[in-house]
Amino acid sequence: MIHTVSVSPYVQAQGMLIERLPDGRLLIDAGGRKVIGRPFRPVPQKTRRWKAAIAAAIFGLTSLVVAAPQASAEPLLNVSYDPTREFYRDYNTWFANWWTAQGNPAPQIKTSHGGSGAQARAVIDGLAAQVVTLALASDIDQIAARSDLIPKDWQSRLPHNSSPYTSTIVFLVREGNPKGIKDWNDLIAEGVQVITPNPKTSGGARWNYLAAWGYAERNKLNPQDFVAALYRNVPVLDTGARGSTTTFAQRGLGDVLLAWENEAYLALSELGEDKFDIVVPSVSVLAEPPVALVEGHLTDANRPLATAYLEQLYSPEAQAMALRHYYRAWDTSAADPADVARFPELERLPIADFGGWAEVQPKHFGDGGIFDQIYQGK
Amino acid sequence: MTARSLALRTPTPMPGWGLSFGIMLTMLSIVVLVPMGVLLWRGFIGFGAGAMWEVVNRPRVWSALALSFRAAFVASLFNLVFGVVLAWVLVRYRFPGKRIIDAAVDLPFALPTAVAGIALTAIYAPNGVFGSVLADAFGIRVAYTELGIWIALVFVGLPFVVRTVQPVIEEVDRETEEASATLGASRLRTLTHVVLPMLAPAAMTGFALALARAVGEYGSVIFIAGNLPNVTEIAPLLIVIRLEEFDYDGAVAIAIAMLSISFTLLLAINLIQVWSRRRMGAV
């Protein structure tokens, strides 16, 4: 019978049982390697977190004193952005099990979260990530341009522009939609307060801005004037998407929040469906958060693991997981139909319609770009 | 032995001068001098003074710098007055809960600034406990205005003044005040001519520290500021924005501008202190 054992608080291995040791530990055969460990028992989430914290602290202290024995498991660092925290927590567990089921030793997977741009800078400056899963293709382009860690054609190496899941921008309004907001043109009306983060510091805010721009283009309006009018209705520019959600939901400021679709659903489930409504505009953006291998940090040993980690994001199980976390995934074959059904159809403009990130980033959000001009005129 | 090495090795009863000096210099270099040097090198040699000036000399950058220094200055002035009063109360009076208040003064040191920022925003937001009262009764908006920035900076700077002035007040003899009173001085005159001059140098140091802290403050301000360009955008945010644009040189240029202004201000404060010491005699 196959047994799972814990080698350390972070490392598990799976394999055929060879022997039960007198002290309760098990000797197993994990893909040709003999591993000794305690029988693995999943602990409830809450206790595991502080136990892990204490274990990490103790490990940190002891590793300063004695050279820790080389961990047998292959490590993998996934550098990601903020809103994927919940999704990758699930995916890492699922992937580790899948990987060991293929006859490999248990991997040691870590995920780092932060602002997408700051995460890209960390990788440029030497954070030893094997894979990056960021909010914008332009952030990965920057890593490719400023270091030789990622090849320039990274985006063509995985299906769907290297984006295993997509998202879009929707409106979150207060219960009952008191200002009657239905589409982008309602946001430039007098007396409507719009909450959106600063496109200079937030990847999500760049999508908000582009969605408004795309709507204006579609409706034969002057896009620059339209976006300028929209930002005149913005009373606060938070630095990140979560900050804006807090400003809107907790501080009670503003009539409408421009948000990632997954953040909007998260706000509904966390803060109460009776407080907010989601309004889907006629036109929005096809936001493609991409993933890429950091080739410069791959060795013969960890390349198969890192490659599989990204490829399995496209597996039906992982896609179902993404859908459960309110991302629009491609493959719905294993998903809960309810998770699929909650996404309304809408026209989503891909970044190519705006000229691609290489053009959009400097033109709109660079120093002195159109966003700066909007505020310069004030 | 040459005269020079003799001069370096003045006899001292304290052992370990060479060792402790070496450790001090090494640590200081690693932690402060080298990073600062790299920053300046990157700015002046790597980017060039002219290019840096071009980055800084723009209305938006000037408005952010002016806001940062103006808010920091006003907040530190407030801390100067309030901090001296607080230190005075803590030293001179006994009252229930004194120890708790004394400990609470240090909280802004210990608290992560982001936590402070979120807490202050929650209280002063238009639907917050104080914010709603101020908005309804007086029509004053606090969060997302310069006033909000100012409150956050008061919060982070307060302990500096209190903790530098407190030990000086503890050392002031009550007898000098009594002597002043027996010589016929009024309470106000005693305060302005006897007590405050003795506290002035320490208070100035506290003011300078609070100012220096407030100018560079990011975490607590960012939540309450509103961050609208040209209105409530602080200079540290502009540095972060440059970094988000992957414009390291631009970020370094603004950082060096802030560093130079701060350095000039601190130098001026030090000169005032030297001058006041000379006038008042050694305190």
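None of the values given here were measured: they were computed from a predicted structure.

Rules of the game
Throughout this document, residue positions are counted from 1 along each chain, in the order its sequence is written. The lettering of chains begins at A and the numbering of ligands begins at 1, in the order of writing. In view of the model being predicted, local features appear only for residues whose pLDDT reaches at least 70, and side-chain atom pairs are presented and counted only at 80 or more, with totals across whole chains, interfaces and linings using the full set of residues. Note that water and hydrogens are dropped before the side-chain values are worked out from all heavy atoms of the structure. Helix and strand definitions here come from DSSP, where helices need a minimum of 4 consecutive H or I residues and strands a minimum of 2 consecutive E residues; each element is numbered from the N-terminal end. A radius of gyration in this sense is built from C-alpha atoms; the matching globule rule multiplies 2.2 Å by the number of residues raised to 0.38. Relative accessibility thresholds used throughout: buried, under 20% of the residue-type maximum; exposed, over 50%; partly exposed, between the two (1.4 Å probe, protein chains only). Contacts are residue-level and defined by heavy atoms, with any inter-residue pair within 4.5 Å sufficient. The charged-residue count follows a simple rule in which Lys and Arg add positive charge and Asp and Glu add negative charge, with His and chain termini not counted at all. Charged groups are reduced to one reference atom each: NZ for lysine, CZ for arginine, CG for aspartic acid, CD for glutamic acid. Throughout the structure description, domain borders are defined by an automatic or database domain assignment. Summed over both partners, buried area is the accessible surface (1.4 Å probe) that two parts give up on being assembled. Each salt bridge in this description consists of a side-chain nitrogen of Lys or Arg and a carboxyl oxygen of Asp or Glu lying within 4 Å of one another. One bridge is not enough; two strands pair if DSSP finds at least two bridges between them. Only C-alpha atoms enter the line fits that serve as axes; for helices the fit covers just the stretch in contact. Angles between N-to-C directions range over 0 to 180 degrees. UniProt positions are given in the numbering used here, feature names are shortened, and annotations may be inferred rather than shown by experiment. Between the rings of Phe, Tyr and Trp (Trp by its six-membered ring), a pair exists once the centres lie within 6.5 Å; its type follows the angle of the planes, with under 30 degrees stacked, over 60 edge-to-face, and the other angles tilted. Remark: a charge is flagged as sitting over a ring if the NZ atom of Lys or the CZ atom of Arg is within 6 Å of the ring centre and within 35 degrees of the ring normal. Take the buried residues of types Ala, Val, Leu, Ile, Met, Phe, Trp, Tyr and Cys, join any two whose side-chain atoms come within 4.5 Å, and each joined set is a nonpolar core. Confidence scores labelled pLDDT are given residue by residue by the predictor and lie between 0 and 100. Any pair of N or O atoms that falls within 3.5 Å is considered a polar contact. Within protein, one atom must be able to donate a hydrogen and the other to accept it, and sequence-neighbouring residues count only if both atoms are side-chain atoms. Charged residues are taken to be Asp, Glu, Lys and Arg, nonpolar residues to be Ala, Val, Leu, Ile, Met, Phe, Trp, Tyr, Cys and Pro, and polar residues to be all remaining types, Gly included.

Scanning chain A from N- to C-terminus turns up 14 helices and 16 strands. Taking 2.2 N^0.38 as the reference for a compact globule, 378 residues should give roughly 21 Å; the C-alpha atoms of chain A span a radius of gyration of 23 Å, in line with that estimate. Along the first, second and third principal axes, the C-alpha set of chain A runs to 75 × 45 × 45 Å. When the 378 residues of chain A are sorted by exposure, 53% land in the buried category. At a minimum sequence separation of 6, the contacts of chain A that also span at least 24 residues come to 68%. Computed over 35 positive and 40 negative side-chain charges, the inter-centroid distance for chain A is 7 Å.

The next point concerns the domain arrangement of chain A. All names here are of chain A. One can read the domain layout of chain A as domain 1 (2–39), domain 2 (76–163 + 289–342) and domain 3 (167–287 + 345–377). Computed over C-alpha atoms only, the centres of domain 2 and domain 3 are separated by 26 Å. Approximately 1,500 Å² of surface area, both sides summed, lies buried where domain 2 meets domain 3, with 59% of it carried by carbon and sulfur atoms. Inspection of the region where domain 2 meets domain 3 yields one salt bridge. Notably, a salt bridge pairs Glu-261 with Arg-328, separated by 2.7 Å at the nearest N-O pair.

This paragraph deals with the sheet that holds strand E5 (residues 75–80) of chain A. Hydrogen bonds between backbone groups are what pair the strands of a sheet, and the pairing can be parallel or antiparallel. Residue and element names in this part refer to chain A. The mixed open sheet is built from four strands, whose spatial order is E6-E5-E7-E14. Whereas interior strands pair on both sides, the edge strands pair on one side only; in this sheet they are strand E6 (108–112) and strand E14 (291–293). For this sheet, the mean inter-axis angle between neighbouring strands, taken without regard to orientation, is 20°. Relative to strand E7 (residues 131–133), E5 is paired through three bridges, and the arrangement is parallel. Across the sheet, residue Val-79 finds its bridge partner in E7, namely Val-132. Packed on one face of the sheet, helix H2 (residues 85–101) meets E5, E6, E7 and E14 and runs near 165° to E6.

All names here are of chain B. Mapped onto this numbering, the UniProt entry annotates "transmembrane region" (unreviewed entry) at residues 21–41, 61–91, 103–127, 147–169, 190–212 and 251–272. Split by type, residues 103–127 is 72% helix and 0% strand. Its first and last C-alpha atoms lie 30 Å apart. In residues 251–272, helix accounts for 100% and strand for 0%; the two terminal C-alpha atoms are 32 Å from one another.

So, about the packing of aromatic side chains. Aromatic ring pairs are reported here in terms of the distance separating the ring centres and the angle at which the planes meet. Residues and elements named next belong to chain A. All chains considered together, the criterion is met by 34 aromatic pairs over all chains. With a centroid separation of 5.6 Å and an interplanar angle of 40°, the aromatic rings of Phe-248 and Phe-276 are classed as tilted. With a gap of 28 residues between them, Phe-248 in helix H8 (residues 241–249) and Phe-276 in strand E12 (residues 276–279) connect regions that are remote in the sequence. Here Phe-248 and Phe-276 have matching classes, each one buried. Here the aromatic cluster, defined as three or more aromatic residues joined through ring pairs, consists of Phe-87, Tyr-88, Tyr-91, Trp-94, Phe-95, Trp-98, Trp-99, Tyr-165, Tyr-309 and Tyr-327. Arg-342 extends its terminal NZ or CZ atom over the ring of Tyr-265, reaching a point 5.9 Å from the ring centre.

Residue and element names in this part refer to chain A. Buried within helix H11 (residues 316–324) are the following residues: Ala-318, Gln-319, Ala-320, Met-321, Ala-322 and Leu-323. Check the buried side of H11 and you find it contacts H2, strand E8 (165–166), strand E15 (328–329) and helix H12 (337–341). Just downstream of H11, Tyr-326 is the residue with a positive phi angle, here 70°.

Residue and element names in this part refer to chain A. Counting 96 residues, the largest nonpolar core has Tyr-91, Val-132, Trp-184, Trp-207, Tyr-209, Leu-210 and Tyr-231 as its most contacted members. The leading source of residues in this core is helix H6 (residues 203–218), at eight residues. There are two domains that each give this core at least three residues, and those are domain 2 (76–163 + 289–342) and domain 3 (167–287 + 345–377).

What follows is about the pairing of strand E1 (residues 2–6) of chain A. Where E1 of chain A and strand E2 (residues 12–20) of chain A come together, five bridges link them in antiparallel fashion. Counted as the bridge partner of Thr-4 of chain A is Gln-14 of chain A from E2 of chain A.

Here chain A shows a mean pLDDT of 88. Residues at 70 or above account for 90%. Here residues 62–71 of chain A is modelled with pLDDT under 50, and outside its nearest four sequence neighbours on either side it reaches three contacts, counting other chains as well.

To continue, consider the pattern of salt bridges. When the charged atoms of two side chains lie near each other, side chains of opposite charge can form a pair. All chains considered together, the criterion is met by 25 salt bridges over all chains. Close ionic contact of Glu-347 of chain A with Arg-218 of chain A constitutes a salt bridge, the shortest N to O distance being 2.0 Å. On the criterion of sequence distance, the pair formed by Glu-347 of chain A in strand E16 (residues 347–349) and Arg-218 of chain A in helix H6 is long-range, its members being 129 residues apart. The exposure class of Glu-347 of chain A is partly exposed, given its relative accessible area of 35%. For the salt bridge of Glu-177 of chain B with Arg-92 of chain B, the shortest nitrogen-to-oxygen distance reads 2.9 Å. Separated by 85 residues along the polypeptide, Glu-177 of chain B in helix H10 (residues 174–182) and Arg-92 of chain B in helix H4 (residues 59–92) bring together distant segments of the chain. One network of salt bridges, in which partners are shared, links Lys-200, Asp-367 and Asp-372 of chain A together with Arg-58, Arg-60, Glu-233, Arg-242 and Glu-245 of chain B.

Facing 30 residues of chain A, the contacting portion of chain B comprises 25 residues. Taking both sides of the interface into account, the surface hidden between chain A and chain B amounts to around 2,400 Å²; carbon and sulfur atoms contribute 50%. Looking at the side of chain A facing chain B, the largest losses of area belong to Arg-121, Arg-251 and Asp-367 of chain A, adding up to 28% of the total buried there. At the junction of chain A and chain B, the tally comes to five salt bridges. Applying the counting criterion to the chain A and chain B interface returns twelve residue pairs in polar contact (both at pLDDT 80 or more). For the side of chain A that touches chain B, the secondary-structure elements that each account for two or more residues are helix H3 (116–124), helix H4 (137–146) and helix H14 (370–376) of chain A. Looking at the side of chain A that touches chain B, the element that brings in the most residues is H3 of chain A, giving five residues. For the side of chain A that touches chain B, the class distribution of residues is ten nonpolar, ten polar and ten charged.

On to the UniProt feature "domain: ABC transmembrane type-1" (unreviewed entry) in chain B, then. Sites flagged by UniProt as "domain: ABC transmembrane type-1" (unreviewed entry) map to residues 65–267 of chain B. The span residues 65–267 of chain B carries 80% helix and 0% strand; its end-to-end C-alpha distance comes to 19 Å.

Residues and elements named next belong to chain A. Note that Met-321 resides in helix H11. With a relative accessible area of 7%, Met-321 lands in the buried category. For Met-321 and Glu-175, which are 146 residues apart along the polypeptide, the C-alpha to C-alpha distance reads 29 Å. Apart from the residues lying within four places of it in its own chain, the contact partners of Met-321 are Phe-87, Asp-90, Tyr-91 and Trp-94.

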